[in-house]
Amino acid sequence: MLHARTSVVIAGGGPFGLMLANELGRRGVATLLFDQKPATAYTPQANATQARTMEHYRRLGFADEVRALGMPADFPTDIAYFTRFARHELARFRLPSSGEARQVVRTLSGSWSAAELPHRCNQKYIEPVLRRHAEALDGVSVSYGWRMNGFRERDNRVEVEVESVSGTARHRIAADYLVGADGARSLVRQGIGARYTGETGVARDFVGGRMYAVYARIPDFYRDIPHAPAWMNVSFNRERRCFMPAVDGKGEFAFHTQLKGHEDERSIGEADAAAMVRQAIGAPLAVEVLARGTWTAGHSLVADRLRGGRVFIGGDAAHLFTPTGGLGYNTAIEDAVNLGWKLAAVLKGAAAPRLLESYEAERRPLAVRNVAYAKGFADSLGLYEPPPEIEDETPEGEAARRRAGEYFQAHGRAEFNIPGITFGGRYDGSPAIVADGSAPPPDAANLYLPSACPGGRPPHLWLADGRSLYDLFGFEWTLLRLGAARGEGFVKQAQVRKLDLEVVDLPLPEARELYAAELALIRPDQIVAWRGNSDAQAAAVLRQLTGHG
Ligand SMILES: Cc1cc2nc3c(=O)[nH]c(=O)nc-3n(C[C@H](O)[C@H](O)[C@H](O)COP(=O)(O)OP(=O)(O)OC[C@H]3O[C@@H](n4cnc5c(N)ncnc54)[C@H](O)[C@@H]3O)c2cc1C
């Protein structure tokens, strides 16, 4: 048994754990990450990286790398609904290719004024990028093939036991903090006595029950299917409903269907799995099964607490979604962004341990909100059932397809055009936000109203020289000076408190109007912490924001 000492142990190397390792490593925090898998995920899971997540990847310097992954740059990221893929197309919600997204984002305003648009790319491609960047950081060690067996909290540390999966080595590590990034069955969640609360086992005609996933190669799909390619393909008929996102845009797909009452996953062989895929296609194409497995749709769960002493949980360990809306992995990434700077600030003495209370205060309500949005989309998709005549070549069949098409056109827009969800998350009432008494904008899935009301995402602006305002933000704190006020009190107080504060002068009437103040203070996770016209309260503001208030 080897004994070691570190600042943070992360148990789990999915998106949450890997992103947290990046946030901590970038701040010089000694971090050991362990994951029991041999390497990052091989099978497809999350397919959508929301725009807010892309903004965080941009902040860390690898958004372009991520945007180059997945499907070819000119592959449309449409969401298309069919009876079967080779038969009738019912509806199509058009979205730009990744190549177009880079250009289009510069022309958008209002709800989509942003540094980045969403990117449709499978998690299996993104995890290696997160891993590579984490591994490149001094002080971060990433070990796959290692299982965390248990932990115990002592007075001023957590003792964590890890073991190589091969069983040849065991370590006991003393850490200042342990973070459970160990997914839905989280040992860490159980260890701190937290429990999932909410709804589970919801039954629907689709995305509510036992699901069967087939990672498949269908080499002739794009040659033989008589419709334009799409990123998300949804089949809607009485025999086999599925959603099947493109994985590489060349013939690999992540097929997900719901098992019928009479279908038993234990008796489904490889040929049966291929037959299910063919049934959704509606044509006898060759289907190569790369991997297959089951999962359950119908969870809307959030842990009753995200912390026990020096131990935190985040990602799927803290909340479990039905994947409609594509929110599970994205919520996990924002958990990491939120926890990372706070842990680092406390470990470096720039903030009081009380700051860490704001992690649960901010992220738990956000998880409850996002889980509810995902459930709404699952109800909208899964409770809408195919009428018996949907595939008939009759006027009744045609009418049924037209009705379904109208329904899915509206559903697709609602589920996949969600600036309000991705940009509109807020931390009102958090101890790490200084409210100014203004009313936050309403929370709506499909509408984001840019607002610098403290507690939300800073309004975005493209500058005349083509840069995004977000590229001017410092890696830690930013003071935006938008008018005559100099805010020197913040500069002085930041020095006293050893806070890294970037001062950005932006004397643009447009920016002043957007922020509705002369000064705005932006947190390291790109959230407006405070705004105002004078620095008179600078000392009190920074005291509160660093957990000393
Ligand atoms: C079919 C499907 C489609 C999805 N689509 C989307 C989508 O479009 N958008 C979206 O945002 N989300 C989606 N999700 C959800 C998304 O995949 C998860 O929310 C995301 O992976 C959560 O990341 P995580 O790091 O918290 O957990 P995980 O990715 O589950 O990672 C947990 C890690 O912990 C490791 N681990 C567990 N126990 C231990 C232990 N004791 N010791 C060491 N390691 C351990 C595991 O090996 C694993 O690697 C989808 C999920 C599914 C199943």
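Coordinates for the structure precede this section.
What you see is a predicted model, and the numbers here were worked out from it, not measured in a lab.

Participant: Just checking my understanding: could you explain the site of the ligand for this structure?
Facilitator: In the vicinity of the ligand there are 30 residues, among which D35, K37, Q123, D316 and Y329 approach most closely. Within the side chain of D316, an N or O atom sits 2.7 Å from an oxygen atom of the ligand. Considered on its own, the ligand offers 1000 Å² of accessible surface; in the complex 88% of this is hidden by protein. Contributions of two or more residues to the shell around the ligand are made by α1 (15-25), β2 (31-35), β8 (146-153) and α9 (328-347). Tallied by class, residues from the shell around the ligand come to twelve nonpolar, 13 polar and five charged.

Participant: Just checking my understanding: could you explain the pattern of salt bridges for this structure?
Facilitator: When the charged atoms of two side chains lie near each other, side chains of opposite charge can form a pair. This structure, assessed with the given rule, holds 47 salt bridges. Here E89 and R92 are joined by a salt bridge, their closest N and O atoms 2.9 Å apart. With a relative accessible area of 8%, R92 lands in the buried category. Between D505 and R481 there is a salt bridge; the shortest N-O distance is 2.7 Å.

Participant: What is the right way to read the packing of aromatic side chains from this model?
Facilitator: Describing an aromatic ring pair means giving the distance of the ring centres and the angle of the ring planes. Following the criterion strictly, the structure yields 24 aromatic pairs and no others. Considering the side-chain rings of W112 and F423, the 5.6 Å spacing of their centres and the 75° angle between planes classify their relative orientation as edge-to-face. Of this pair, W112 sits in the loop between α4 (98-104) and β6 (119-120) while F423 sits in helix α12 (residues 419-423); the two residues are 311 residues apart in sequence, bridging distant segments of the chain. As far as burial versus exposure is concerned, W112 and F423 are alike and both buried. Ring-pair connections join several aromatic residues into one group, and the members of that group are F75, F82, F85, F221, Y222 and F253. Between R457 and the ring centre of F423, over which it is positioned, the NZ or CZ distance is 3.8 Å.

Participant: Would you explain the packing of α1 against helix α5 (residues 123-135) in this entry?
Facilitator: Packed helix pairs are specified by the crossing angle of their axes together with the interaxial distance, meaning the distance between the axes. Packing of α1 against α5 brings their axes to within 9 Å, and their N-to-C directions diverge by 30°. In this view, α1 runs roughly parallel relative to α5, as classed from their interaxial angle. Between α1 and α5 the crossing geometry is left-handed. Residues P15, L18, M19, A21 and N22 of α1 lie in contact with α5, whose contacting residues are Q123, E127, L130, R131, H133 and A134. Residues of the contact of α1 with α5, tallied by class, amount to six nonpolar, three polar and two charged.

Criteria and cut-off values
Residues numbered from 1 in each chain as written. Predicted model: local features only at pLDDT ≥ 70, side-chain atom pairs only at ≥ 80, totals over all residues. Heavy atoms only, no water. Near = heavy atom within 4 Å. Polar contact = N/O pair within 3.5 Å; in protein donor to acceptor, adjacent residues only side chain to side chain. Areas by Shrake-Rupley, 256 points an atom, 1.4 Å probe, with all protein chains shown as cover. Helix = DSSP H or I, 4+ residues; strand = E, 2+ residues; numbered from the N terminus. Nonpolar A, V, L, I, M, F, W, Y, C, P; charged D, E, K, R; others polar. Salt bridge = Lys/Arg side-chain N within 4 Å of Asp/Glu carboxyl O. Buried < 20%, exposed > 50% of the residue type's maximum accessible area, 1.4 Å probe, protein only. Phe/Tyr/Trp six-rings, centres within 6.5 Å; stacked < 30°, edge-to-face > 60°. Lys NZ or Arg CZ within 6 Å of the ring centre and 35° of its normal. Axes fitted to C-alpha atoms, helices over the stretch in contact; angles between N-to-C directions. Parallel < 35°, antiparallel > 145°, perpendicular 65-115°, else oblique. Left-handed = near helix turned anticlockwise from the far one by under 90°. Contact = heavy atoms within 4.5 Å.

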